[in-house]
Amino acid sequence: MKLIDYNVDLDGIDCHVHSAFSPDALRAGASTPREIAAAYKRRGIRGFIVTDHLDVGHWHSVDPSKFTEYFDEWNAVRDENPDLTIYIGMEVGFEKETAEKSAELISELPLEYVINSVHYWQSHDGDDMSRGREYAYGKYLEAVSASLDAPYPFSTIGHLGFPERYAPYPADEIAMEYKTFKPIMDDIIKKAVRKRVRFEENTNGGGAMRLPRADFLRAYKKAGGARPVLGSDAHITENIAQYFDAANKFLDKIFK
Ligand SMILES: [Zn+2]
Ligand SMILES: [Zn+2]
């Protein structure tokens, strides 16, 4: 595995997209690698990073028996589209219990980009949310902090603030605010800056939801953090590069 360098220019590139190799995307009506490349070209987008799921033990993960096919097919699509910048990656879901297994599965793969995401963090009863926002979000952020010590390399921290997408709280109580979670968020910031990994601004939360939020990004910038890359997290081609203009305007205010 040789991940692309931290300094590679990813401006204008969609750094998070799923194809029909991800079972959840397939179920949602995802396109094939060839169709996805054609869609980016049609939209006039410079390039993208394919990041299908590896979540050990969960149904939406690419089956490891398909890994060879995954790289063969994406490499062929890259060769057929020299005018697009395409990198081949995966979104690796972090859980303490399966992290070693994930490391084993990806260590020999020719991955160029890894998104380190926390999708599963709730305690065994799976019902942290009912214990209130501070408890549930606190547990999530602890898992993100642990994910930064994952036993495999990664390029980007995926969709920080992810539970906001699903939180059952009233709209005015959904925010994962920096001021409420400062100690653990500062810990995440410190590790991210030290390890030189990026954040992504994930635009799959709709036009208004910010993952991460502005207050977190201001603290991250102050600590020496760089502008996040953009990731649409599209599971169907209609959503590629969704809300990028709004996300760029949002990031311009913080990082320029
Ligand atoms: Zn994800
Ligand atoms: Zn994703």
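Quick note: structure is the one above.
Analysis parameters
Residues numbered from 1 in each chain as written. Chains lettered and ligands numbered in written order. Predicted model: local features only at pLDDT ≥ 70, side-chain atom pairs only at ≥ 80, totals over all residues. Heavy atoms only, no water. Donors = N, O, S within 2.8 Å, 3.2 Å for Na, K, Ca; no water. Helix = DSSP H or I, 4+ residues; strand = E, 2+ residues; numbered from the N terminus. Buried < 20%, exposed > 50% of the residue type's maximum accessible area, 1.4 Å probe, protein only. Pairing = 2+ DSSP bridges. Right-handed = clockwise from strand over helix to strand, strands pointing away. Contact = heavy atoms within 4.5 Å. Arc of directions from axis to C-beta. Axes fitted to C-alpha atoms, helices over the stretch in contact; angles between N-to-C directions. Parallel < 35°, antiparallel > 145°, perpendicular 65-115°, else oblique. Left-handed = near helix turned anticlockwise from the far one by under 90°. Nonpolar A, V, L, I, M, F, W, Y, C, P; charged D, E, K, R; others polar. Tetrahedral: all angles 85-135°; square planar, octahedral: opposite > 155°, others 65-115°. Polar contact = N/O pair within 3.5 Å; in protein donor to acceptor, adjacent residues only side chain to side chain.

Engineer: Help me out: how do you make sense of the coordination of the zinc ion (ligand 1) in this one?
Structural biologist: Put simply, the ideal angle at a metal is 109.5 degrees for four donors in tetrahedral geometry and 90 or 180 degrees for six donors in octahedral geometry. Within the protein, the atoms that donate to the zinc ion (ligand 1) are E91 (OE), H119 (NE2) and H159 (NE2), at distances of 2.1 to 2.2 Å. Mapped onto the polypeptide sequence, the residues donating to the zinc ion (ligand 1) form the spacing pattern E-x27-H-x39-H. In this structure, the zinc ion (ligand 1) lies 3.5 Å from the zinc ion (ligand 2), and both are coordinated by E91. With E91 in strand β3 (residues 85-93) and H119 in the loop between β4 (113-117) and α5 (133-147), the pair connects residues that are 28 residues apart, well separated along the chain. In this pair, the class of E91 matches that of H119, namely buried.

Engineer: Please clarify how the pairing of strand β2 (residues 47-54) should be interpreted in this entry.
Structural biologist: Along a regular strand, successive side chains alternate from one face of the sheet to the other. The buried fraction of β2 is high, at eight of eight residues. Burial along β2 is two-sided: G47, I49, T51 and H53 and F48, V50, D52 and L54, pointing in opposite directions, are all buried. Sheet topology places β2 next to β3; eight bridges connect them, and they run parallel. In the sheet register, V50 faces β3, and the bridge partner there is I88. Assessed by its sense of winding, the connection that carries the chain from β2 through helix α3 (residues 67-80) to β3 is right-handed.

Engineer: So what exactly am I meant to see when it comes to the environment of F21 here?
Structural biologist: Within the secondary structure layout, F21 lies in the loop between β1 (13-17) and α1 (23-28). For F21, a relative accessible area of 10% corresponds to the buried category. Residues F21 and Y70, spaced 49 residues apart in sequence, show a C-alpha to C-alpha distance of 7.3 Å. Once you skip the residues sitting within four places of it in the chain, F21 turns out to touch P33, D52, V62, K66, E69, Y70, E73 and W74.

Engineer: Explain helix α2 (residues 33-43) here, please?
Structural biologist: Three- or four-residue spacings in an α-helix give side chains the same orientation, since the helix completes a turn every 3.6 residues. Residues of α2 that are buried include every one of P33, I36, A37, A39 and Y40, and no others. An end-on view of α2 places all buried positions within 155 degrees of arc, on one side of the element. Along its buried surface, α2 packs onto β1, β2 and α3. Of the residues one or two after α2, G44 is the one with positive phi, at around 70 degrees.

Engineer: What is the right way to read the packing of α5 against helix α6 (residues 182-195) from this model?
Structural biologist: How two helices pack is summed up by the angle between their axes together with the distance between the axes. At a closest axis distance of 9 Å, the pairing of α5 and α6 adopts a crossing angle of 20 degrees. Here α6 runs roughly parallel to α5, going by the angle between their axes. Relative to α6, α5 is oriented so that their crossing is left-handed. Contact residues: L141, E142, V144, S145 and A146 in α5; I184, M185, D187, I188 and K191 in α6. Residues that form the contact of α5 with α6 fall into these classes: six nonpolar, one polar and three charged.

Engineer: How should I be thinking about the coordination of the zinc ion (ligand 2) in this particular structure?
Structural biologist: Bound to the zinc ion (ligand 2) on the protein side are H16 (NE2), H18 (NE2), E91 (OE) and D233 (OD), at distances that span 2.1 to 2.2 Å. Considering all four donor atoms around the zinc ion (ligand 2), angles at the metal cover 80 to 171 degrees and the coordination shape is irregular. Each donor residue of the zinc ion (ligand 2) lies on the same chain, and together they follow the pattern H-x1-H-x72-E-x141-D. Taking relative accessible area as the criterion, H18 reaches 1% and is therefore assigned buried. Owing to a relative accessible area of 3%, D233 belongs among the buried residues under this scheme.

Engineer: How should I be thinking about the side chain of E112 in this particular structure?
Structural biologist: Structurally, E112 is set in the loop between α4 (99-106) and β4. A relative accessible area of 17% means that E112 is categorised as buried. Among the polar contacts listed, one links the side chain of E112 to the side chain of R78, at a separation of 3.1 Å. A distance of 2.7 Å separates a polar side-chain atom of E112 from the backbone nitrogen of I88. If we skip the residues at most four places from it in the chain, E112 touches K2, L3, I4, R78, I86, Y87, I88 and S155.

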